[in-house]
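# Breakdown of the fold
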Protein chains: 2
Amino acid sequence: MRQNTKTGTDRVTIAQVAREAGVSKTSVSRYLGGEFDALSVRLRDQIGKTIARLGYQPSQMARGLKGGRTRLIGMLVADILNPYSVAVLHGAEAACQKYGYTLMLCNTGNDEEREKQSLAALHSYSVEGLLFNTQGRNVTPLKELGQAAFPVVLLDRRIEGCDFDLVGLDNVKAAQLATRHLLAQGYTDIALVVQPLYGVSSRQGRQAGFLQAMSERSDCHGETLEVHIDQPGHTATVLREFFERRSGSGGRVAILAGNGMVSLQIALALQSMKLGFPDDVGLLCFDELSWSPLVGSGISTIEQPTYEIGFTAIERLLVRINGERSVRMEILLDGRLISRGSSVSVAGSEDMALSSRVAQKMRKAAATAAAGIAA
Amino acid sequence: MRQNTKTGTDRVTIAQVAREAGVSKTSVSRYLGGEFDALSVRLRDQIGKTIARLGYQPSQMARGLKGGRTRLIGMLVADILNPYSVAVLHGAEAACQKYGYTLMLCNTGNDEEREKQSLAALHSYSVEGLLFNTQGRNVTPLKELGQAAFPVVLLDRRIEGCDFDLVGLDNVKAAQLATRHLLAQGYTDIALVVQPLYGVSSRQGRQAGFLQAMSERSDCHGETLEVHIDQPGHTATVLREFFERRSGSGGRVAILAGNGMVSLQIALALQSMKLGFPDDVGLLCFDELSWSPLVGSGISTIEQPTYEIGFTAIERLLVRINGERSVRMEILLDGRLISRGSSVSVAGSEDMALSSRVAQKMRKAAATAAAGIAA
DNA sequence: CTGTTAGCGCGTTCAC
DNA sequence: GTGAACGCGCTAACAG
């Protein structure tokens, strides 16, 4: 009994099938390739039976060695803990399964070095194409791929200097939709809270849409706030400063969260400041999350068609893999506004201008907290 | 210029390196294998330089073809949308990266057919081992793997009739911890809410721990509630019935959610019934989620060491891959109680027995909703 | 229609 | 130390 060195698993080979069926390897290979018109009915039948009996499965590795068709797709994810990434992954995996491809997954954790290593690893397995969602900095190895016309589809973020296809959200439009919703609800002082803009096109796109929508209303104030979500308390500090700054405006304050990760930090920060929405501050977040309906009276969101983004990205990648050489293409999908309690305007229940009331309440919460620490 | 058929990518081969360096393939191969003592210093240097210059990377496919060491690990996930799965995946991916393996990911979506197909796909790539987290029903193909002594590590759920290693939570102990916490907080009528128990060992383990802890207190009442979370409104219905049933007990009602998916449904159901925690009902959930601190006064949870579970599972798998043949092993990690507002006993602020107040409030909410629909 | 032959890129003897 | 030669499982080009 032949055995695989380590595992003890018998791997049935094409040669065994051929021998048992009394035919040549070529015929079996043809059978597998679906070239039935080049096989007599008798042979076809014989081969089919033998394959079934032996439980033979062709080795994709050997297959790929020759033709280069490994039916493997590599996916590089910036942060597997980001719900957006997972949701896109879900769609991508489904598409792979549909088209008979398998996904090799690498999480880079926003680390350049690991990104490089992962790229190398995927390359060493001869993946036919790459789905890429990662930090857009220092991407020399990627550019080489671009010059080699290697099939790559970018997710969510453009990369400067690379003409890869892209699938993602129409960020400008979505941000406009979001901003106009807040304005329509009577909010006048709006902060777009995002992670660092530098190098990340999707964030920049959202800012562009935000600024554009704000510019249509000269009576309102909008500003962009950058937060570092891995730095505990930073979001709260930034928000606090914003509220203080706007405390004299006499307007209604609202926050537009740039993505799901930021939403969480904002929700936590507001909670720690004892600020509620929409009573104290309006809130609208990019990315629909499972818990969006749960917090307070529900958080309004801009939902991204994440599953579709992943699915479409794979389909686009397959088109490239199959040799299409047309110019760079961007597929931008629309976001959908889900309106919940956090962004409805509170019908003037209070006379005091909201902005000042918020600042006051916030200071009180801070004082309480300080007292608590002192005690 | 040699080109890969489709992509135009030049794949540097070991032969090219040998030619350019003016040595034989064997020498290059030895260099890669680290057999430096069998190489003259001059050759070694020459080869190293050539490899760097050409950017050569050995093909794992060709490598695996011969020795069977593909450095590939397959992971089958029951539901990629389940945060637990993703968290475990995170740890597993990290371990793979650490040990120079790459993960092939398949999502089965709790579907038997897709599970079989995925298994076949992974097999066709000669993965060296399998990480398995999926429904425990109809697993004939898996059992075959077991008989072939193919390296497999189970995540979270045991599978009857298979003696694979398992890494997961110590469910019995964790459920005891959870239940005792609720009892200690003064809750007397506790419902463990889980997805269907049949065939899923982890759920059964949690129930066992729950029942055991409840049995220590004859004055308290515990029951297990099965819910179908993909069936909208089912959770709410089941909870409603439970509350009605206990309305006469005069005790304090609490819910123990069996996992993160159930937690979400419960939170939504309670919200729809206008019931708050801990005022109306105590709540403790398996699985720490990003939003656990956010809802109401915070949801108490039993946190699983998910990252560690994934990481450990890969390590255990590698041990198996490297030939260890010892008997089946279970690695059970401990859960951690994170106590928040949802499970603290409300110091007798109300005289009316909680259980009846809950039922009353719930009926009122239902009536309001009905009126709303009628209008 | 069918079998023979020659690689794909690499690891591994086995002689030199 | 070093290199030629073979085989892994499969596909493709070339005969018959």
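Residues numbered from 1 in each chain as written. Chains lettered and ligands numbered in written order. Predicted model: local features only at pLDDT ≥ 70, side-chain atom pairs only at ≥ 80, totals over all residues. Heavy atoms only, no water.

Going by the annotation in an unreviewed UniProt entry, the name recorded for chain A is LacI family DNA-binding transcriptional regulator, with Herbaspirillum robiniae given as the source organism.

## Re the interface of chain A and chain B
Under the convention used in this document: Any two residues having at least one pair of non-hydrogen atoms within 4.5 Å are treated as being in contact. When a carboxyl oxygen of Asp or Glu is within 4 Å of a side-chain nitrogen of Lys or Arg, the pair counts as a salt bridge. Secondary structure elements are taken from DSSP: a helix is a run of H or I of four residues or more, a strand is a run of E of two residues or more, and numbering for both begins at the N terminus. Three classes are used: nonpolar for Ala, Val, Leu, Ile, Met, Phe, Trp, Tyr, Cys and Pro, charged for Asp, Glu, Lys and Arg, and polar for all others, with Gly counted as polar. One bridge is not enough; two strands pair if DSSP finds at least two bridges between them.
On the chain B side, the residues contacting the 54 residues of chain A number 54 residues. Applying the counting criterion to the chain A and chain B interface returns 0 salt bridges. Within the residue set of the side of chain A that touches chain B, elements represented by two or more residues are helix 4 (60-67), helix 5 (83-99), strand 2 (102-107), helix 6 (112-124) and helix 11 (260-272) of chain A. Its residues placed into classes, the side of chain A that touches chain B shows 29 nonpolar, 18 polar and 7 charged. Inspection of the sheet shows strand 2 of chain A paired to strand 2 (residues 102-107) of chain B by 3 bridges, in the antiparallel sense. The residue bridging A:Leu105 from the neighbouring strand is B:Leu103, located in strand 2 of chain B.

## A look at the pairing of strand 5 (residues 165-169) of chain A
All names here are of chain A. We count it as follows: The cut-offs for exposure are 20% and 50% of the maximum accessible area for each residue type, with area from a 1.4 Å probe on protein chains only; residues under the lower value are buried, those over the upper are exposed, and the others partly exposed.
Of all the 5 residues making up strand 5, 5 are buried; the element is thus mostly covered by neighbouring parts of the structure. For strand 4 (residues 152-155) and strand 5, the ladder comprises 3 bridges, and the chain directions are parallel. Bridge pairing in strand 5 places Leu154 opposite Leu166. Note: strand 5 against strand 11 (residues 330-333), 4 bridges, orientation parallel. If you follow Leu169 over to strand 11, its bridge partner there is Leu333.

## Points about the protein's contact with DNA strand C
The condition that has to hold: Near is defined per residue: the residue qualifies when any heavy atom it owns lies within 4 Å of the molecule or strand. Polar contact is the term for a pair of N or O atoms within 3.5 Å; when the atoms are in protein, one must be able to donate a hydrogen and the other to accept it, and sequence-neighboring residues count only if both atoms are side-chain atoms.
Near DNA strand C there are 26 residues, and of these A:Thr26, A:Ser40, A:Lys66, B:Ile14 and B:Tyr56 occur at the shortest range. By atom count, sugar and phosphate contribute 54% of the portion of DNA strand C lying within 4 Å of the protein. Between DNA strand C and A:Thr26 there is a distance of 2.7 Å, counted from a base oxygen to a side-chain nitrogen or oxygen. The contact in question runs from a phosphate oxygen of DNA strand C to an N or O atom on the side chain of B:Arg63, over 3.0 Å. At the level of elements, helix 2 (25-33) and helix 4 of chain A together with helix 2 (25-33) and helix 4 (60-67) of chain B are the ones that each hand at least two residues to the surface near DNA strand C.

## A look at the state of the cysteines
How we decide: Two cysteine sulfurs form what is called a disulfide whenever their separation falls within 2.5 Å.
Inspection of the entire model under this criterion finds 0 disulfides over all chains. In this structure A:Cys96 is a free cysteine whose sulfur lies 9.1 Å from that of B:Cys106, the closest cysteine sulfur available. The thiol sulfur of A:Cys162 is not disulfide-bonded, and the nearest other cysteine sulfur, from A:Cys106, lies at 19 Å. Residue A:Cys162 is classed as buried on the basis of its relative accessible area, which comes to 9%.

## Remarks on the relation of the copies chain A and chain B
Here is the rule: Copy-to-copy superposition: least squares on the C-alpha atoms, limited to residues that have pLDDT of at least 70 in both copies.
Mapping chain A onto chain B leaves a residual RMSD of 0.2 Å; the transformation is a rotation of 180 degrees accompanied by 0.0 Å of translation along its axis. Taken together, these values place the two copies in the relation of a two-fold axis. Considering only C-alpha atoms, the part of chain A nearest the rotation axis is A:Met104, at 2.2 Å. Of the residues that chain A buries at the interface, 100% are likewise interface residues in chain B, meaning the two copies contact each other through the same surface.

## So, the UniProt feature "domain: HTH lacI-type" (unreviewed entry) in chain A
Definition in use: UniProt positions are given in the numbering used here, feature names are shortened, and annotations may be inferred rather than shown by experiment.
Look at the UniProt record and you will see "domain: HTH lacI-type" (unreviewed entry) annotated at residues 12-67 of chain A. Strand forms 0% of residues 12-67 of chain A and helix 70%; the C-alpha atoms that close the span are 21 Å apart.

## What about helix 3 (residues 41-54) of chain B?
Residues and elements named next belong to chain B. The line we're drawing: What a helix is expected to span follows from its residue count: subtract one and scale by 1.5 Å. Relevant arc is that of directions from the helix axis to the C-beta atoms, nothing else.
Across its 14 residues, helix 3 extends 20 Å between first and last C-alpha, which sits within 8% of the 20 Å expected from 1.5 Å per residue. Those residues of helix 3 that fall on the buried side of the exposure criterion are Leu43, Ile47, Gly48, Thr50 and Ile51. Projected onto a plane normal to the axis of helix 3, the buried residues spread over an arc of 165 degrees and lie on a single side. In helix 3, the exposed positions that point more than 90 degrees away from the buried face belong to Val41, Arg42, Lys49, Ala52 and Arg53. Contacts from the buried residues of helix 3 go to helix 1 (14-21) and helix 2. Looking at the residues trailing helix 3, positive phi occurs at Gly55, about 65 degrees.

## Regarding the sheet that holds strand 8 (residues 253-257) of chain A
Residue and element names in this part refer to chain A. Spelled out, the test is: What counts as an axis is a line fitted to C-alpha atoms, over the stretch in contact for a helix, and the angles between N-to-C directions run from 0 to 180 degrees.
Pairing within the open sheet is mixed, and its 6 strands lie in the order 7-6-8-9-10-12. Each of the sheet's edge strands pairs with one partner strand only, and the pair in question is strand 7 (221-226) and strand 12 (336-338). The sheet shows a mean angle of 20 degrees between the axes of neighbouring strands, direction not considered. Pairing of strand 6 (residues 189-194) with strand 7 involves 6 bridges; the strand directions are parallel. Within strand 7, the residue paired with Asp189 across the bridge is His221.

## As for the packing of helix 5 (residues 83-99) of chain B against helix 12 (residues 306-321) of chain B
Residue and element names in this part refer to chain B. Stated precisely, the cut-off is as follows: Any angle from 65 to 115 degrees is called roughly perpendicular, while one under 35 is roughly parallel, one over 145 is roughly antiparallel, and all others are oblique. In this scheme the handedness of a crossing depends on how the near helix is turned from the far one: anticlockwise by less than a right angle means left-handed, clockwise means right-handed.
As a packed pair, helix 5 and helix 12 sit with axes 7 Å apart at the nearest point and diverge in direction by 45 degrees. Viewed along their axes, helix 5 and helix 12 adopt a mutual orientation that is oblique. The hand of the helix 5/helix 12 crossing is right-handed. For the pair helix 5 and helix 12, contact is made by Tyr84, Ala87, Val88, His90, Gly91, Ala92, Ala94, Ala95, Cys96, Lys98 and Tyr99 and by Thr306, Tyr307, Ile309, Gly310, Phe311, Ile314, Glu315 and Leu318, respectively.

## Regarding the environment of A:Gly129
Residue and element names in this part refer to chain A. Relative to the helices and strands, Gly129 resides in strand 3 (residues 129-133). Residue Gly129 is classed as buried on the basis of its relative accessible area of 0%. Expressed as a C-alpha distance, the spacing of Gly129 and Leu72, which sit 57 residues apart in the sequence, is 7.5 Å. What Gly129 contacts, discounting residues up to four positions off in sequence, is Leu72, Ile73, Gly74, Phe150, Pro151, Leu317 and Ile321.

## As for the pairing of strand 4 (residues 152-155) of chain B
Taken residue by residue, a regular strand's side chains alternate between the two faces of the sheet. Residue and element names in this part refer to chain B. Burial of the side chains of strand 4 extends over both faces: Val152 and Leu154 are buried on one face and Val153 and Leu155 on the other. Here 3 bridges tie strand 3 (residues 129-133) to strand 4, and the two strands are oriented parallel to one another. Residue pairing in the sheet places Phe132 in a bridge with Leu154 of strand 4.

## Section: the sheet that holds strand 12 (residues 336-338) of chain B
Residues and elements named next belong to chain B. The 6 strands are arranged 7-6-8-9-10-12 in an open sheet whose pairing can be described as mixed. For this open sheet the edge positions go to strand 7 (221-226) and strand 12, each flanked by a neighbour on one side alone. Across the sheet, the mean angle from the axis of one strand to that of its neighbour is 20 degrees, orientation sign disregarded. Across 5 bridges, strand 6 (residues 189-194) lies against strand 8 (residues 253-257) in parallel orientation. Of the residues in strand 8, the one forming a bridge with Asp189 is Val253.

## A look at the packing of helix 2 of chain B against helix 3 of chain B
All names here are of chain B. Between helix 2 and helix 3, the shortest axis-to-axis distance is 10 Å and the interhelical angle comes to 85 degrees. The angle between helix 2 and helix 3 falls in the class roughly perpendicular. The segment helix 2 lies against helix 3, with Ser27, Val28, Tyr31 and Leu32 engaging Leu43, Arg44, Ile47, Gly48 and Ile51. Here the contact of helix 2 with helix 3 is composed, by residue class, of 6 nonpolar, 2 polar and 1 charged.

## Considerations on the side chain of B:Thr306
Checked against the element boundaries, B:Thr306 lands in helix 12. Not counting chain neighbours up to four residues away, the residues in contact with B:Thr306 comprise B:Tyr84, B:Ala87 and B:Val88.

## Some details on the pattern of salt bridges
Residue and element names in this part refer to chain A. Tallied over the full model, the rule gives 37 salt bridges over all chains. Ionic pairing is found between Asp45 and Lys49, a salt bridge with its closest N-O pair at 3.1 Å. Here Lys49 and Asp45 lie together in helix 3 (residues 41-54), a separation of 4 residues that amounts to about one turn. The salt bridge involving Asp165 is made with Arg320; its shortest N-O contact spans 2.6 Å.

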